[in-house]
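# Structural description and commentary
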Amino acid sequence: MEKPDGHFDSGDSAAGRSPTSEVEPTLLEPVRRLPTDGDKPTEDTTALCLSGGGYRAMLFHVGVLRRLNDGGYLPRLDRVSSVSGGSIAAAMLALAWRELEFDQAGVGGGFVDRVEAPLRRLADHTIDLASVATGIALPGQSIADRLAAAYRKHLFGGASLQQLPEAPVFVINATNVGSGALLRFTRAYLADWRVGRIADPDIPLAVAVACSSAFPPILSPARLELDNASWLTDEGNDLAGPEHRDELVLTDGGVYDNLGLETAWKRCEAVLVSDGGGQMAADDDPEGDWARHMVRVLKVIDNQVRALRKRQVIEGFKRGDRTGFYAGIRSDVNDYHLPDSLPFSDDATLRLAELPTRLAALEPRDQEGLINWGYVICDTAFRRHLEPGAPRPEAVPHPESWMG
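## Concerning the overall build of the protein chain
- From N to C terminus, the protein chain includes 13 helices and 11 strands.
- For the protein chain, the residues scored as buried account for 55% of the 404 residues in total.
- Counting only contacts in the protein chain whose residues sit at least 6 apart along the sequence, the fraction spanning at least 24 positions is 77%.
- Surface exposure of the protein chain reaches about 17,100 Å², of which carbon and sulfur atoms provide 51%.

Structure (structure tokens):
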């Protein structure tokens, strides 16, 4: 049930409940079944989904990842599926994976230095408007090209998809505007179920993340030239011609699936959802000119689609379709009914959740607040649904910073 302030009752998200018999089960799912999916059963595997939401989501996810790391849970993940701001965090985790120095309990001692610190340094810089300015000013350079250059400079250097670990599988999702479907970047393949597949793509990691986080309208589209690539055609590829393969026109992965669920929910029995997405603010005087009015209308549509997907995820957990949890930036710790949850005020939650969906510099206090809040709500969901009886953390990652 959605509350007026944007919270969802997610505390019982892993409780079992019988599916509704009168409704086709696939209509209850938060993802769309594709013709190529067939009747494949889910696997006894665990996926983590990281939503979009700019730097706000990126740092909220850092808190979630840090709590999972403290609980020794990161090595138990089989798949990490991400979109947009979540893809920035996921790609940094993937690139650092081999150097996290997991101990026997599954805790990576290098997490703060190799994942959190670089992402915080990125959050000190505004790269969205800078990418727009240089993309417009420099001939032969698109806005998405400049965004990729910023990721290369601040995070990924010359790393490619081939430097990601084989396990867990990291899936960086973008939206293919041409096919209207997801384009998935992984170490093993680049794929669109309608267009085809490229095995072992040697694409820069910075480019994949830039495609995934090309927020419309200012950072979109991202164009990927693939006219010399060796495409593989699988059953169901109905757009396998060169007109759909030589150049892909892409936008933010969150346009298609803002929670990164598509490649996880169909495959994995356990799904952990970290949602740092925002909510459209009210407007007491909407613009009347056609351009700005249309932008507002599209935001209304997008907001409703995201809200519906969230409700379907939570109801899917309640029915017992999947195990796992939903932890959102607008969640309420009280909804989880965990007696000893870490404290965090509603005022602080809402203030952090209302930070703009931007790749714009954040103050250290807001950076630490987002990390703390992601850690707290993940801890609440983790100990309520994933590891009942796990010890309560002694403190949040940045106890010197505010928590409301």
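## A closer look at the side chain of Ser 213
- Among the secondary structure elements, Ser 213 is positioned in the loop between helix H7 (205–212) and strand S7 (222–225).
- Using a relative accessible area of 0% as the deciding quantity, one classes Ser 213 as buried.
- For Ser 213, the residues in contact, after removing those within four places along its chain, are Ser 84, Leu 147, Tyr 151, Leu 219 and Asp 252.

## With respect to the environment of Ala 208
- As for its placement among the helices and strands, Ala 208 is situated in helix H7.
- As a C-alpha pair, Ala 208 and Ala 91 span 117 residues in sequence and 9.2 Å in three-dimensional space.
- Apart from the residues lying within four places of it in its own chain, the contact partners of Ala 208 are Leu 161, Ile 172 and Phe 185.

## Description of the packing of aromatic side chains
- Enumeration according to the criterion identifies six aromatic pairs in this entry.
- Residues Trp 97 and Phe 170 carry aromatic rings whose centres are separated by 6.1 Å and whose planes lie at 70 degrees to one another, so their mutual orientation is edge-to-face. On the criterion of sequence distance, the pair formed by Trp 97 in the loop between helix H3 (85–96) and helix H4 (111–122) and Phe 170 in strand S3 (residues 169–176) is long-range, its members being 73 residues apart.
- Judged by relative accessible area, which is 4%, Phe 170 ranks as buried.
- Members of the aromatic cluster, connected to one another through ring pairs, are Trp 97, Phe 102 and Phe 170.

## Notes on the confidence of the model for the protein chain
- For the protein chain, per-residue confidence averages 90 on the pLDDT scale, and 90% of positions sit at 70 or higher.
- Segment residues 1–8 is flagged for pLDDT under 50; beyond a separation of four residues in sequence, or across chains, it makes 28 contacts in the model.
- This stretch, residues 15–21, has a pLDDT under 50; its non-local contacts, to residues over four places away or in other chains, come to 16 contacts.

## Side note on H3
- Under the 1.5 Å per step criterion, the end-to-end length of H3 is 17 Å for 12 residues, consistent within 8% with the ideal 16 Å.
- By the criterion of burial, H3 is predominantly enclosed, with 11 of the 12 residues buried.

## As for the pattern of salt bridges
- According to the stated counting rule, one finds 21 salt bridges in the structure shown.
- Ionic pairing is found between Arg 223 and Glu 247, a salt bridge with its closest N-O pair at 3.3 Å. Of this pair, Arg 223 sits in strand S7 while Glu 247 sits in strand S9 (residues 247–252), placing them 24 residues apart in sequence.
- Bridged by salt links that share partners, the residues Arg 67, Asp 340, Asp 379 and Arg 383 form one connected network.

## Things to note about the pairing of strand S11 (residues 323–328)
- Along S11, five of the six residues are buried, which leaves the element largely enclosed by surrounding structure.
- In terms of strand pairing, strand S10 (residues 268–275) meets S11 through six bridges, oriented parallel. Residue pairing across strands places Leu 272 opposite Phe 325, the latter belonging to S11.

## Quick word on the nonpolar core
- Counting 92 residues, the largest nonpolar core has Tyr 151, Phe 185 and Leu 190 as the members making the most contacts within it.
- At 10 residues, helix H13 (residues 364–386) tops the list of elements feeding residues into this core.
- When sequence neighbours within four positions are dropped, the list of residues in contact with Leu 190 reads Leu 183, Arg 184, Phe 185, Gly 196, Arg 197, Ile 198, Pro 201, Ile 203, Leu 224, Leu 226, Trp 231 and Leu 248.

## Some words on the packing of helix H6 (residues 143–156) against H7
- H7 packs onto H6 with a crossing angle of 125 degrees between their chain directions and a minimal axis gap of 8 Å. Taken together, the axis directions place H6 and H7 in an arrangement best described as oblique. The two elements H6 and H7 meet at a crossing, and its hand is right-handed. Only Leu 205, Ala 206, Val 207, Val 209 and Ala 210 of H7 make contact with H6, whose side of the interface consists of Ala 144, Leu 147, Ala 148, Tyr 151, Arg 152 and Phe 156.
- Considering only residue class, the contact of H6 with H7 consists of 10 nonpolar, no polar and one charged.

How each quantity is defined
Residues numbered from 1 in each chain as written. Predicted model: local features only at pLDDT ≥ 70, side-chain atom pairs only at ≥ 80, totals over all residues. Heavy atoms only, no water. Helix = DSSP H or I, 4+ residues; strand = E, 2+ residues; numbered from the N terminus. Buried < 20%, exposed > 50% of the residue type's maximum accessible area, 1.4 Å probe, protein only. Contact = heavy atoms within 4.5 Å. Areas by Shrake-Rupley, 256 points an atom, 1.4 Å probe, with all protein chains shown as cover. Phe/Tyr/Trp six-rings, centres within 6.5 Å; stacked < 30°, edge-to-face > 60°. pLDDT = per-residue confidence, 0-100. Expected span 1.5 Å × (residues − 1). Salt bridge = Lys/Arg side-chain N within 4 Å of Asp/Glu carboxyl O. Pairing = 2+ DSSP bridges. Core = buried A, V, L, I, M, F, W, Y, C linked by side-chain atoms within 4.5 Å. Axes fitted to C-alpha atoms, helices over the stretch in contact; angles between N-to-C directions. Parallel < 35°, antiparallel > 145°, perpendicular 65-115°, else oblique. Left-handed = near helix turned anticlockwise from the far one by under 90°. Nonpolar A, V, L, I, M, F, W, Y, C, P; charged D, E, K, R; others polar.

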